[in-house]
Amino acid sequence: MRKIILALAALAVGMTVGKFASAEDSDRDLMVVLDVSGSMWGQIDGLSKIEIARQTFGDLSAGWTRDGVSAGLVAYGHRRKGDCNDIEVISEPSPESASAMPSLVNRLNPKGKTPLSAAVRKAADVLKFTEHAATVILLSDGRETCNADPCAVGEELERLGVDFTAHVIGFDITDPKDKAQLQCLAENTGGRYLDASNAASLNEAFAEVAASEPEGPKPTDIEIVLAPAEGVSRPSEVTFSATNLATGETRDLGTRTGADQVLRAMPVTLTDEKWRITAEGIGRGSIEITPVAGERYEIPYDVGRARFDLLTEGPLVAGQLAEIQIDVRDPMPENQTWRLVWVKENGEVAKRSFLSSEPVGVYADSWSVPDEPGRYRLRITGENLDDIYMDSPFEIVSEKATLPTVRIALDTPARYGEAITIWLDGSAEDPLPEARYRVVPRGGSDREEIDSAELNGEFTSILATMAPGPYDVILVADPYGERTELARLPIDVEPQELAVIAAEPLVASDPDGLRLNGPVRPGDRLLFLDEAGKEIALLPLATADGFAVPEGLEPGHYQLRLDRSGSIVLDVGAVDLMPRSANGIGEENGSPVEGERSGYSCDSPSPCRFFDAGTGLAWTLPPGWNAEVPYFYTTAGGSKADQPTLTMTTRPDRPDRFGATLNMRQRSSDLGPCIELTIGVLCHDNTSDADDLADFAIIKTSLEAKTMGDRPMTKAQIEALLSRIDGDGQ
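This is a predicted model, so every value here is computed, not measured. (Residues numbered from 1 in each chain as written. Predicted model: local features only at pLDDT ≥ 70, side-chain atom pairs only at ≥ 80, totals over all residues. Heavy atoms only, no water.)

K.L.:
Hey, could you go over the sheet that holds strand 21 (residues 361-368) for me, with residue numbers and the actual values?
P.N.:
What the three strands build is an open sheet, ordered 16-18-21; its pairing is antiparallel. Of all strands in the sheet, those bounded by a partner on one side alone are strand 16 (308-310) and strand 21. Sheet twist, expressed as the average angle between the axes of neighbouring strands with direction ignored, equals 30°. Across three bridges, the pairing between strand 16 and strand 18 (residues 321-328) is antiparallel. If you follow F308 over to strand 18, its bridge partner there is V328. (Pairing = 2+ DSSP bridges. Helix = DSSP H or I, 4+ residues; strand = E, 2+ residues; numbered from the N terminus. Axes fitted to C-alpha atoms, helices over the stretch in contact; angles between N-to-C directions.)

K.L.:
Account for unusual backbone geometry, with residues named and values stated.
P.N.:
At N147, a residue that is not glycine, the phi angle is positive and equals roughly 55°. Overall, the relative accessible area of 84% leaves N147 in the exposed class. Phi is positive for N663, close to 55°, though the residue is something other than glycine. With respect to the secondary-structure elements, N663 resides in the loop between strand 44 (659-662) and strand 45 (674-677). (Buried < 20%, exposed > 50% of the residue type's maximum accessible area, 1.4 Å probe, protein only.)

K.L.:
Tell me about the state of the cysteines, residues and numbers included.
P.N.:
Within this structure, the stated rule accounts for four disulfides. Through a disulfide, C84 is tied to C146; the S-S separation comes to 2.1 Å. Where C84 bonds to C146 through sulfur, the torsion about that S-S bond is close to -90°, and the disulfide is left-handed. Highlighted residues: C84 in the loop between strand 4 (71-76) and strand 5 (87-94) and C146 in the loop between strand 6 (133-140) and helix 6 (150-160), separated in sequence by 62 residues. Exposure remark for C84: the relative accessible area of 28% places this residue in the partly exposed category. (Disulfide = S-S within 2.5 Å.)

K.L.:
Any chance you could break down the nonpolar core for me, citing the residues and the numbers?
P.N.:
Formed by 46 residues in total, the largest nonpolar core has its most connected members in I408, L475, L526 and F528. Dropping the residues within four chain positions of it, F528 is found in contact with L514, K534, E535, I536, A537, L539, V549, P550, L553, Y558, Q559 and L560. (Core = buried A, V, L, I, M, F, W, Y, C linked by side-chain atoms within 4.5 Å. Contact = heavy atoms within 4.5 Å.)

K.L.:
Provide a residue-level description of the sheet that holds strand 30 (residues 484-493), including the pertinent values.
P.N.:
Taken in spatial order, the four strands of this open sheet run 27-26-29-30, and their pairing is antiparallel. In the strand order of this sheet, the two ends are held by strand 27 (451-454) and strand 30, each with one partner. The sheet shows a mean angle of 20° between the axes of neighbouring strands, direction not considered. Sheet topology note: the strand 26 (residues 436-441)/strand 29 (residues 469-477) ladder contains six bridges and is antiparallel. For V440, the partnering residue across the bridge sits in strand 29 and is D472.

K.L.:
With reference to specific residues and values, describe the pairing of strand 7 (residues 163-170).
P.N.:
For a regular strand, the rule is simple: side chains alternate between the two faces of the sheet. Counting buried residues in strand 7 gives seven out of eight residues, a clear majority hidden from the surface. With eight bridges connecting them, strand 6 and strand 7 associate as parallel partners. Residue pairing for strand 7: A133 is matched across the bridge by D163. Remark: the strand 6/helix 6/strand 7 crossover connection has right-handed handedness. The pairing of strand 7 with strand 8 (residues 193-195) spans three bridges and is classified as parallel. Among the inter-strand pairings, V168 is bridged to a residue of strand 8, identified as Y193. Once the chain exits strand 7 it traverses helix 7 (residues 176-188) before rejoining the sheet at strand 8, and the crossover so formed is right-handed. (Right-handed = clockwise from strand over helix to strand, strands pointing away.)

K.L.:
Outline the side chain of S70, listing residues and values.
P.N.:
Secondary-structure assignment places S70 in the loop between helix 2 (49-67) and strand 4. Assessed through its relative accessible area of 16%, S70 is described here as buried. One polar contact links the side chain of S70 to the main-chain amide nitrogen of S94, over a distance of 3.1 Å. Other than its neighbours up to four places away in sequence, S70 contacts D29, L30, P93, S94 and P95. (Polar contact = N/O pair within 3.5 Å; in protein donor to acceptor, adjacent residues only side chain to side chain.)

K.L.:
Tell me about the packing of helix 5 (residues 116-126) against helix 6, and please be specific about residues and values.
P.N.:
Contact geometry of helix 5 with helix 6 gives a least axis separation of 9 Å together with a crossing angle of 15°. Looking at the two axes, helix 5 sits roughly parallel to helix 6. Crossing hand, helix 5 versus helix 6: right-handed. For the pair formed by helix 5 and helix 6, the contact residues are L116, S117, V120, R121 and A124 on the first element and P150, V153, E156 and L157 on the second. (Parallel < 35°, antiparallel > 145°, perpendicular 65-115°, else oblique. Left-handed = near helix turned anticlockwise from the far one by under 90°.)

K.L.:
Give a detailed account of the environment of I287, specifying residues and quantitative values.
P.N.:
By the element assignment, I287 lies in strand 14 (residues 283-289). Placed 11 residues apart in sequence, I287 and E298 show a C-alpha to C-alpha distance of 8.1 Å. Residue contacts for I287: discarding those within four places in its chain leaves W275, R276, I277, E298, I299 and P300.

K.L.:
Would you mind going over the pattern of salt bridges in detail, with residue names and values included?
P.N.:
Inspection of the entire model under this criterion finds 31 salt bridges. A salt bridge links R377 to D391; the shortest N-O distance between them is 3.1 Å. Within this pair, whereas R377 is found in strand 22 (residues 374-381), its partner D391 is found in strand 23 (residues 388-397), the two being separated by 14 residues in sequence. By relative accessible area, which is 35% here, D391 ends up partly exposed. Notably, a salt bridge pairs R564 with D524, separated by 2.6 Å at the nearest N-O pair. Placement of the pair is R564 in strand 36 (residues 556-564) and D524 in the loop between strand 33 (514-516) and strand 34 (525-529), with a sequence separation of 40 residues. (Salt bridge = Lys/Arg side-chain N within 4 Å of Asp/Glu carboxyl O.)

K.L.:
Run through helix 7, naming residues and quoting values.
P.N.:
Since there are 3.6 residues in each turn of an α-helix, residues three or four apart along the chain are aligned in direction. Spanning 13 residues, helix 7 covers 18 Å between terminal C-alpha atoms, matching the ideal 18 Å at 1.5 Å per step. For helix 7, the elements touching its buried residues are helix 5, strand 6, helix 6, strand 7 and strand 8. Its side-chain oxygen 2.9 Å from the backbone nitrogen of K177, D175 forms the N-cap of helix 7. Downstream of helix 7 by one or two residues, G190 has phi in the positive range, about 75°. (Expected span 1.5 Å × (residues − 1).)

K.L.:
Describe the packing of helix 6 against helix 7, with residues and values.
P.N.:
The relative placement of two packed helices is expressed as an angle between their axes plus a distance between the axes. Look at helix 6 against helix 7: their axes get within 8 Å of each other, and the N-to-C directions meet at 10°. Classified by the interaxial angle, the pair formed by helix 6 and helix 7 is roughly parallel. In this structure, helix 6 contributes P150, C151, G154, E155 and E158 to the contact, and helix 7 contributes Q181, C184, L185 and N188. The residue inventory of the contact of helix 6 with helix 7, partitioned by class, reads four nonpolar, three polar and two charged. (Nonpolar A, V, L, I, M, F, W, Y, C, P; charged D, E, K, R; others polar.)

K.L.:
Please set out the confidence of the model for the protein residue by residue, giving values where relevant.
P.N.:
On average, the protein scores 79 in pLDDT, and the residues at 70 or more come to 82%. In this model residues 707-717 is a low-confidence stretch, pLDDT under 50, and it forms 10 contacts with partners more than four residues away in sequence or in other chains. Note that pLDDT drops below 50 for residues 724-730; the model gives that stretch 14 contacts with residues more than four away or on any other chain. (pLDDT = per-residue confidence, 0-100.)

K.L.:
How would you summarise the layout of surface pockets if you had to cite specific residues and measurements?
P.N.:
In this structure, the largest pocket occupies an estimated 1,100 Å³ of space. Forming the boundary of the largest pocket are 28 residues, of which R79, E88, D656, R657 and N686 lie nearest the centre. For the lining of the largest pocket, the elements supplying multiple residues, two or more each, are strand 5 and helix 3 (95-99). In terms of residue count, the dominant contributor to the lining of the largest pocket is strand 5 (four residues). Here the residues of the lining of the largest pocket are counted per class, giving eight nonpolar, seven polar and 13 charged. (1 Å grid on protein atoms, 1.4 Å probe; cavity = no way out; pocket = protein on both sides within 12 Å on 5 of 7 lines; lining within 4 Å. Points joined across faces, edges and corners; volume = space filled by probe spheres on them.)

K.L.:
Any details on the pairing of strand 1 (residues 29-35)? Residues and values, ideally.
P.N.:
Among the seven residues in strand 1, six count as buried, and that is most of the element. Taken together, the six bridges between strand 1 and strand 6 define a ladder with parallel strand orientation. When the bridges of strand 6 are listed, L34 appears paired with L139. Relative to strand 4, strand 1 runs parallel, the two being bridged by six bridges. Note that in strand 4 the partner of V33 across the bridge is V74.

In structure tokens:
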């Protein structure tokens, strides 16, 4: 039997150096699909098949760890009897998952049916088989029992996948029909079928798979040619390259220069794999192909539209010569005509001049300004004046405007998330053409604007969406496009101190269970997020004084955020929503009791409060929960832990038992999440059950350390402490 185990391990490790998932072939991940159906309790030479599989994965994982293989695990039939949906992704592919595979398999116990086709499909989906090369190893001891056809599934995965392969190990299969079914799945995906009935046949199959190599790509001669978009200028120089979409390899295919050369076909030799061919110059184009010998492939190409920004600000004086600066953001093709055009409001062209092609950057030149004052559009066009690349409003005046002197002051404190009200003094009657308040970093110019608002009489409000810190508010007038700073006010934006205050315990039936410690603004909404950060519910707020949680919200832990007018989101705390039964905590039927040293149990319909005198620990158990006696862990060297350990679980007769532990020793991270408390670390088993999470919330909020120095507590001290916990003491 040991030979069979070693052969299985050698087979699985050997596969990592054969067709798939070697350290050099890191873009191909591996998924193992493990049969944990009830038939895996069957025996071979005195050992159950599941025990053989567990031992095999120990040797298998060691080889994977050595070779740097990225592997994951899908199991079926291990949780429920008679359920064809009992398929679970235990771990996704990674070197860490490959290393942890033995411990993952050791936790699985055979129970149910054999939905092997759906499990292989699930593994393929995890590997994103329609986007990447993907390999699955199926270990099964029987045929499909869930009304699916492995042959058809294999054919479909092979057809839809980029490069999908399923290898199948038939474990102690004697029925020819069962074996034919598994062989068909492997053959339809280009994989191998291997029997695990004896060591000799396994070693022979391993040697065959380990020696096999995939057929290499073939060189293919094709032609590529540029196909410019209709109506655009031809680029003067284009560079061609090709990227292998499977390996990431990029090849330089050459450069064509000159308008008479860029449209000539270029001969290219590529392998018959999927490639992206790219043409770049002034503009860009690409195409994805799998080359076929002798074919010509056209690459769609668009030189794009050159973009310009006008840097010069008006107004300009009519009839004068003026320097105008333009930011050229994209290259200007040399074989295209460019014009600078002044257009009146009625569409009449007042002046036009030529521009020369310039590299990217600031283009500056002197042009004569139209003779008539008024509003114009300053445009950059092609030869056709309707082909417009820049279109900016501009004012031409007979003389410059004179602006008044003003003063601004802060009328309200500047706090993040609140309205900043600015007061204007000195010229409420004086005209301020196109004046705006602009918020800038301390000492910054108006071009570094973070936020702004139009001047609105004496008082103007700006919602403080900028981060806390030092800023300046400047009042800028913009007469005829010429910005002028009229006044500057330093401000310090303070952090927001809004927080939600919750009743203890918080239950859905409390109409005033929540309140804000600050005012509510119109449009405020309170967002409820679960522990994964997903938004579960929202509550429009009309008051800060007292309100209930949204209807239908399940018990659990929630992060709370305040959405203010859709402009800012404030973190305002977290709450634990208890089930309705939590109303009994601290009342007479949930009063604390001093536990016996044999353990604790809550047999009442309401939560039970306990106090352990030996550790000074007080806590609440939900109905139907047990707890072991808390203790201080002591090492072999005699060192005593600073904080007590407490283990709590649901009743042992519950089929899906759930538990929580305070200050558990040497806890593995895959057992479930943990949270930090003042008295240590509280962890719970992995679960998505709302009732389990609500029970955990009761325990978490109830834990208290009631130690009194290093001396044991007297009976009088214990009674006094119990009275205070129960709320009856002073």
